[in-house]
Amino acid sequence: MKIIALNIYGYGKITETEINTNQHFIQFFGENEAGKSTMQSFIHSILFGFPTRKEQEPRREPRMHNLYGGKITVEFPDEAGPIEIERIKGKIQGDVKVYFDDGTVRGEDWLIKKLNFIDKKTYRSIFSFDVLGLQDIHKNMTEDKLQEYLLRAGALGSHEYDEMLSAIDTEMKSIYKKNGINPELNREMEEMSDITGRIKALEQTEEQYKHLVNEKIKTEESLNAKKNALYQLDTIRKQKMKEVMYHKDIKEWKSLEDKLNIDPVIFPEQGLERYEALKHQVQQTKQDIALRSEKLKVLKAELAGITLPDKSQLSYLESIQKKEPDIKQKHLEYARLNLAIETLEEEIVQLRRDIGWNHEHHEVDDSNIVKESVQTVLSKIDEVALEEQFLVREIDHLKSDIKQLNHDIERLEEEQISDDRIRIKKEVVDREFELKEKEKMFSLIEKDYEREKRERNRIKRGQSGLIIGISVIALITGIFYLFNSNWLMGGIFLAIGVITLLLLMLTNQKEDDSLRNDYEDEVKELKEIIETIKRNNNVDFDLNDARDLKMDLKTQKTKRISANVRLEEMKETLALKETTHDSLNTDLAAIKQDLKVNPDIENKYIVDAIHTIREIKQKRNQISRHNVEMDNINRELKEFKRSVKDELVKFDIHYDDSTVFYDVKNMVSKMYKDENHYNRLKDQISLLENEIKVLSERNNAGSEEIIQLFDYVDAEDEEEYYYFARKYKEYHSNIERFRELSEKLEEEHFDYDARNELSKFLLADLKEEEDAISEQIEEFNQKVQNEQKVLAELNSEISNLESDGKLSEVNHQFEMKKAFIQNLSQEYMSLNYIRILIETHIKAIKDERLPVVIEEARSIFEKVTRGRYINVIYDEDGIKVRHVNGQLFHPLELSQSTKEMLYISLRLSLIKALKGYYQLPLIIDDAFVHFDKERKKIIMDYLRSEVNDQVLYFTCNLDSAISSSQTVKLKERVK
């Protein structure tokens, strides 16, 4: 992925800023507080979301601007065109839209998948360098910690696995800790120990229980003893089986030991090969001596028929022959000069025609002063022309922008919402808020009212029942007294009954719900008012959108005014540039007249015309020099012909300019051929005589060496020599087999005494012992089964005794505590298993990725250290580096900057290894501030030329070696 443009709507103190980043390497320069950290945070936020509270990072919402967020234009290798990623204020991490070149729009899910599900934390830990990360290397790290830091930089790049392991260790320590008191499992085990003590105390009071337990212990001990004996018998049986298996090898070993118990057989080293080679050599040497003797006779006869040439004649002819290149060169030079003069004349004619001269004007001034004045005028014309073109383009661009601004202003004016509608919309919003609050309050009041009403009805029902009961009892009592003619008491009780009924009627009157009705009427009235306003006015819009439209209209009008002012200024500047252009053209016309060239020649060819005039003068001077050289060459050729013509007649050679050197060469060649042939024959004769002498000496030496080989083994002839060779081979074959058997038996733990002892036994005896041991094992198995039945019966009786009383209760507590401890143990083991899985996963990643990373890091480290360190090695002890002198160094032994170079090499190598998963830009925040000038230049050159991904380098120290096209000065863009 490559970031080609940044468009910041509002982020921190940076607002309405556009930056072009369509470069492989970009330097963001700015003083302190210029916005470098803000720019980095903006890139992270657009790609991965605005910071949340959990991240403990400032959100950087602008205080003096409405918009929050911005847009990044990027290029993906597998996408057709540039893609715009826009994130603005919305949900906590912002609302994301991805705009494609064809007009398609995607969401955040597409972006997350496109970035291969990488998050902000992982991106920073792998693709971002800063000075704090490099300083971590020097925080008094131990050897193990530094190794882990470097290995993480080369394999993981992230601290997440370390944080997970720390959290798991903390949780494990809260469950169990060796020699701990507070962990839960330690406390439970302590309580279980107390319960065990209580169980033992209860068991001491029960004699029968104790007796059974003792019997159980005795039975278990007996059972364990029999099992131990059974194990030992099984071990003995296995040993017997092994002895049976290797009995054949032991017998063979003993047999070879008896055979080898003799004096070693003596034979020369490689005796057969040496004898056969010497025998073949002697035969071949005799044949070679005979052939060379015959050839020597033939060469001596040929040497007698050759006559040697005269040395003085040969020397004279060679002196003539040596002059051949010089004479031929002079002929060629004469012809070349003649042709060059003709060519120069033709070129002068053509050059005069090119600049419009009818004849040569040697008085014309073609000095550098004239040339520089012409170049100055031409450069001014080009500069003025470029400025005119720039102004024309800018004027057209401004006109297009003004036209677009007019169109946008018209559109925004049409979309504007009146102040009355905004005021009414605000009133509706306020009333809706008031309605919502009243409905919420009415809901709370209604719940309390219903609850109180239910409580009052319950009390009334109780009171009514009581009153009805009293009235019924009074009426019955009054009727009873009236039947007994006690009118006074009957009247009193009847009156009491009637009065209680009247009281009941009075208390059961219907309750007044006026308060509830008032609230309902008020809410209903407010709803009607809101509906009336909505029905009579168009309020179907968003207040924030309406305010944004007004703000956009104001901004666009301001931009239009600014554009119109710039347009007028550029038109005035263009008129001045056109006047200057005309004046410069007049100056060029005068220069053409002084040079006497064609006045119609184009301005850009005036300097070429001056060069042409210079070239005409140079060619005329060169023609004069060629004529002088031709006269000198002609005189030297005549002198040579006069001196050698008479002398060559003595050798029967007629002088001819074209053939004289050929004839001399043939004569010299014939003389040398006869001399060489004579010398070659003499050398061959001498060489053959020496070869015959050497071959004779070699033949004698071979014969003597064969006799020495026979004497070494005291052999009379060849047949006896071969016999001793076979005996020697057989002896050493037995030694080799004996050694193999000894090693094999020693690996199976058969020492020398055991082998000697076993070799005395027959295989049948060993098998008989094995069968006897097997029978004993069967007997012990039967006894073990019987005692296991007895143990089961004892356990059953003990369980019956434990079924009653406190012992059973305490045992129950023991089992509950045991189950709880088992659960805690399982949880502890699960955490331990997860920790092992994470550690295994980390090891797998290191084993798979580190070899690739280390190999690439070796090349990077060698480049950034300028060949001082030639290798990075990873083995069981960690990472080491090799110096050019061959020494190995641990990272702790390196200097501060070299350690930082090693860390950077591992990080860059990891990024290359992850190329198939992530292709993201690198962000570097003044990471090299502590480097010296040379090291910083090396690492900057590497980042600019070797790193394939885009690099964004933020710094407060401007690097002048980086071109202005690759530099962004933030202070010029911060508002």
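Shown above is the structure to which this text applies.
Attention in this report is confined to the structure presented alongside it. Predicted model only: the values in this text are computed from it and were never measured.

**A look at the overall build of the protein chain**
Turning to step 1, where the next piece is worked out: Counting its regular elements, the protein chain contains 25 helices and 14 strands.
Turning to step 2, where the next piece is worked out: Sorting the 975 residues of the protein chain into buried and exposed places 35% on the buried side.
Turning to step 3, where the next piece is worked out: In the protein chain, 76% of the contacts between residues at least 6 apart in sequence involve partners at least 24 apart.
Turning to step 4, where the next piece is worked out: Carbon and sulfur atoms make up 51% of the accessible area of the protein chain, which amounts to about 61100 Å² in all.

**A word on the environment of Lys 114**
Turning to step 1, where the next piece is worked out: Looking at the secondary structure, you find Lys 114 in helix α2 (residues 108-114).
Turning to step 2, where the next piece is worked out: If we ignore the near neighbours within four places in the chain, the residues touching Lys 114 are Phe 76, Asp 78 and Glu 79.
Turning to step 3, where the next piece is worked out: Within the structure, Lys 114 has its side chain in polar contact with the side chain of Asp 78 (distance 2.7 Å).

**Side note on the nonpolar core**
Turning to step 1, where the next piece is worked out: Counting residues in hydrophobic clusters, the biggest one holds 75 residues, and the most contacted among them are Phe 28, Met 39, Ile 43, Phe 127, Leu 908 and Phe 928.
Turning to step 2, where the next piece is worked out: If one sorts the elements of this core by residue count, helix α24 (residues 896-913) sits on top with seven residues.
Turning to step 3, where the next piece is worked out: The next biggest cluster of nonpolar side chains, apart from the first, holds 45 residues, and it includes Ile 327, Val 364, Val 377 and Val 664.

**Points about the pairing of strand β10 (residues 878-883)**
Within a regular strand, side chains alternate between the sheet's two faces.
Turning to step 1, where the next piece is worked out: Note that strand β9 (residues 869-875) and β10 share six bridges and pair antiparallel. Looking at β10, one finds that Asn 871 is bridged to Arg 882.
Turning to step 2, where the next piece is worked out: Strand direction decides the pairing type here: β10 and strand β11 (residues 888-889), joined by two bridges, are antiparallel. Its bridge partner lying in β11, Val 881 is registered against Phe 889.
Turning to step 3, where the next piece is worked out: From the end of β10 to the start of β11, which pair antiparallel, there are four residues, and Gly 886 there has a positive phi angle of about 100°.

**Overview of a nonpolar patch on the surface**
Turning to step 1, where the next piece is worked out: Taken together, the side chains of Leu 466, Ile 470, Leu 488, Ile 492 and Ile 496 define a hydrophobic patch exposed on the protein surface, amounting to about 460 Å² of accessible area.
Turning to step 2, where the next piece is worked out: Those elements that provide at least two residues to the nonpolar patch are α14 (419-483) and α15 (487-507).
Turning to step 3, where the next piece is worked out: At three residues, α15 tops the list of elements feeding residues into the nonpolar patch.
Turning to step 4, where the next piece is worked out: Turning to its location among the elements, Leu 466 is positioned in helix α14.

**A look at the pattern of salt bridges**
Turning to step 1, where the next piece is worked out: All chains considered together, the criterion is met by 18 salt bridges.
Turning to step 2, where the next piece is worked out: Of the charged contacts, one joins Arg 866 and Glu 934 as a salt bridge, the two residues approaching to 3.5 Å between their closest N and O atoms. Note that Arg 866 is positioned in the loop between α23 (805-864) and β9 and Glu 934 in helix α25 (residues 933-945), a separation of 68 residues in sequence.
Turning to step 3, where the next piece is worked out: Exposure remark for Glu 934: the relative accessible area of 42% places this residue in the partly exposed category.
Turning to step 4, where the next piece is worked out: Residues joined in a network through salt bridges with shared partners are Arg 59, Glu 61 and Lys 89.

**A short note on the side chain of Thr 955**
Turning to step 1, where the next piece is worked out: Locating Thr 955 in the fold gives a position in strand β13 (residues 951-955).
Turning to step 2, where the next piece is worked out: Polar contacts involving the side chain of Thr 955 include one to the main-chain amide nitrogen of Asn 957, which spans 3.0 Å.
Turning to step 3, where the next piece is worked out: Sequence-distant contacts of Thr 955, defined by excluding residues within four places in its chain, comprise Gln 27, Phe 28, Phe 29, Gly 30, Lys 36 and Asp 926.

**Looking at the packing of aromatic side chains**
Turning to step 1, where the next piece is worked out: This model, assessed by the stated rule, comprises 10 aromatic pairs.
Turning to step 2, where the next piece is worked out: Measuring from ring centre to ring centre gives 4.5 Å for Phe 28 and Phe 954, while their planes differ by 10°; the resulting arrangement is stacked. Of the two residues, Phe 28 is situated in strand β3 (residues 25-29) and Phe 954 in strand β13; the sequence distance between them amounts to 926 residues. In terms of burial, Phe 28 and Phe 954 fall into one category: buried.
Turning to step 3, where the next piece is worked out: An aromatic cluster is built from Tyr 11, Phe 42, Phe 50 and Tyr 68, whose rings are joined through pairwise contacts.
Turning to step 4, where the next piece is worked out: Over the aromatic face of Phe 76 sits the side chain of Lys 114, whose NZ or CZ is 5.3 Å from the ring centroid.

**Some points on the sheet that holds β9**
Backbone-to-backbone hydrogen bonds pair the strands of a sheet. The strands run either parallel or antiparallel.
Turning to step 1, where the next piece is worked out: Pairing is antiparallel across the open sheet formed by three strands, whose spatial order is β9-β10-β11. The outermost strands of the open sheet, each flanked by one partner alone, are β9 and β11.

**Some points on the packing of helix α13 (residues 368-415) against helix α17 (residues 543-595)**
Turning to step 1, where the next piece is worked out: Direction vectors running N to C along α13 and α17 enclose 160°, while the axes themselves pass 7 Å from each other. With respect to α17, the element α13 is oriented roughly antiparallel. Considering the relative orientation of α13 and α17, their crossing is left-handed.

**A few points about the packing of helix α11 (residues 311-322) against helix α19 (residues 660-713)**
Turning to step 1, where the next piece is worked out: Packing of α11 against α19 leaves a shortest axis separation of 10 Å and a crossing angle of 140°. Taken as axis vectors, α11 and α19 run oblique relative to one another. α19 is crossed by α11, and the crossing has left-handed handedness. Two secondary-structure elements touch here, α11 through Lys 311, Gln 313, Leu 314, Leu 317, Glu 318, Ile 320 and Gln 321 and α19 through Phe 661, Val 664, Lys 665, Met 667, Val 668, Met 671, Tyr 672 and Glu 675.
Turning to step 2, where the next piece is worked out: Grouping the constituent residues of the contact of α11 with α19 by class yields nine nonpolar, two polar and four charged.

**Considerations on a negative patch on the surface**
Turning to step 1, where the next piece is worked out: On the surface, a cluster of negative charge is contributed by Asp 711, Asp 714, Glu 716, Asp 717 and Glu 719.
Turning to step 2, where the next piece is worked out: Here Glu 716 falls in the exposed class, since its relative accessible area comes to 66%.

**Some remarks on the pairing of strand β2 (residues 14-20)**
Turning to step 1, where the next piece is worked out: One ladder, built from six bridges, connects strand β1 (residues 2-11) with β2; its direction is antiparallel. If you follow Tyr 11 over to β2, its bridge partner there is Ile 14.
Turning to step 2, where the next piece is worked out: Adjacent in sequence and paired antiparallel, β1 and β2 are bridged by two residues, among which Gly 12 carries a positive phi angle near 65°.

**Some thoughts on the sheet that holds strand β4 (residues 69-75)**
Turning to step 1, where the next piece is worked out: Reading across from one edge, β2-β1-β4-β5-β6-β7 is the order of the six strands in this open sheet, with antiparallel pairing throughout. Only two strands of the sheet have a single partner each, and these edge strands are β2 and β7 (105-106).
Turning to step 2, where the next piece is worked out: Bridge analysis of strand β6 (residues 95-99) against β7 gives two bridges, and the strand direction is antiparallel. Bridging across to β7, Val 98 finds its partner in Arg 106.
Turning to step 3, where the next piece is worked out: Strands in contact with helix α1 (residues 36-48) are β1, β2, β4 and β5 (83-88); relative to β1, the strand with the most contacts, it is inclined by about 100°.

**So, α24**
Turning to step 1, where the next piece is worked out: The terminal C-alpha atoms of α24, which comprises 18 residues, lie 26 Å apart, in line with the 26 Å expected from a rise of 1.5 Å per residue.
Turning to step 2, where the next piece is worked out: For α24, the buried fraction is high: 15 of the 18 residues fall into the buried class.

**Describing the side chain of Lys 936**
Turning to step 1, where the next piece is worked out: On the secondary structure map, Lys 936 appears in helix α25.
Turning to step 2, where the next piece is worked out: Here Lys 936 occupies a buried position and makes no salt bridge, while the nearest side chain of opposite charge, Asp 959, is found at 5.0 Å.
Turning to step 3, where the next piece is worked out: Those residues in contact with Lys 936 that lie beyond four places of it in its chain are Phe 928, Phe 931, Tyr 953, Asn 957 and Asp 959.

**Digging into the environment of Asp 545**
Turning to step 1, where the next piece is worked out: Relative to the helices and strands, Asp 545 resides in helix α17.
Turning to step 2, where the next piece is worked out: A relative accessible area of 46% places Asp 545 in the partly exposed class.
Turning to step 3, where the next piece is worked out: Taking the C-alpha atoms as reference points, Asp 545 and Ile 417, separated by 128 residues in sequence, lie 9.6 Å from one another.

Rules and cut-offs
- Residues numbered from 1 in each chain as written.
- Predicted model: local features only at pLDDT ≥ 70, side-chain atom pairs only at ≥ 80, totals over all residues.
- Heavy atoms only, no water.
- Helix = DSSP H or I, 4+ residues; strand = E, 2+ residues; numbered from the N terminus.
- Buried < 20%, exposed > 50% of the residue type's maximum accessible area, 1.4 Å probe, protein only.
- Contact = heavy atoms within 4.5 Å.
- Areas by Shrake-Rupley, 256 points an atom, 1.4 Å probe, with all protein chains shown as cover.
- Polar contact = N/O pair within 3.5 Å; in protein donor to acceptor, adjacent residues only side chain to side chain.
- Core = buried A, V, L, I, M, F, W, Y, C linked by side-chain atoms within 4.5 Å.
- Pairing = 2+ DSSP bridges.
- Patch = residues over 30% accessible without salt bridge, like charges linked within 9 Å, V, L, I, M, F, W, Y side chains within 5 Å.
- Salt bridge = Lys/Arg side-chain N within 4 Å of Asp/Glu carboxyl O.
- Phe/Tyr/Trp six-rings, centres within 6.5 Å; stacked < 30°, edge-to-face > 60°.
- Lys NZ or Arg CZ within 6 Å of the ring centre and 35° of its normal.
- Axes fitted to C-alpha atoms, helices over the stretch in contact; angles between N-to-C directions.
- Parallel < 35°, antiparallel > 145°, perpendicular 65-115°, else oblique.
- Left-handed = near helix turned anticlockwise from the far one by under 90°.
- Nonpolar A, V, L, I, M, F, W, Y, C, P; charged D, E, K, R; others polar.
- Lys, Arg positive; Asp, Glu negative; His and termini not counted.
- Charge placed at Lys NZ, Arg CZ, Asp CG, Glu CD.
- Expected span 1.5 Å × (residues − 1).

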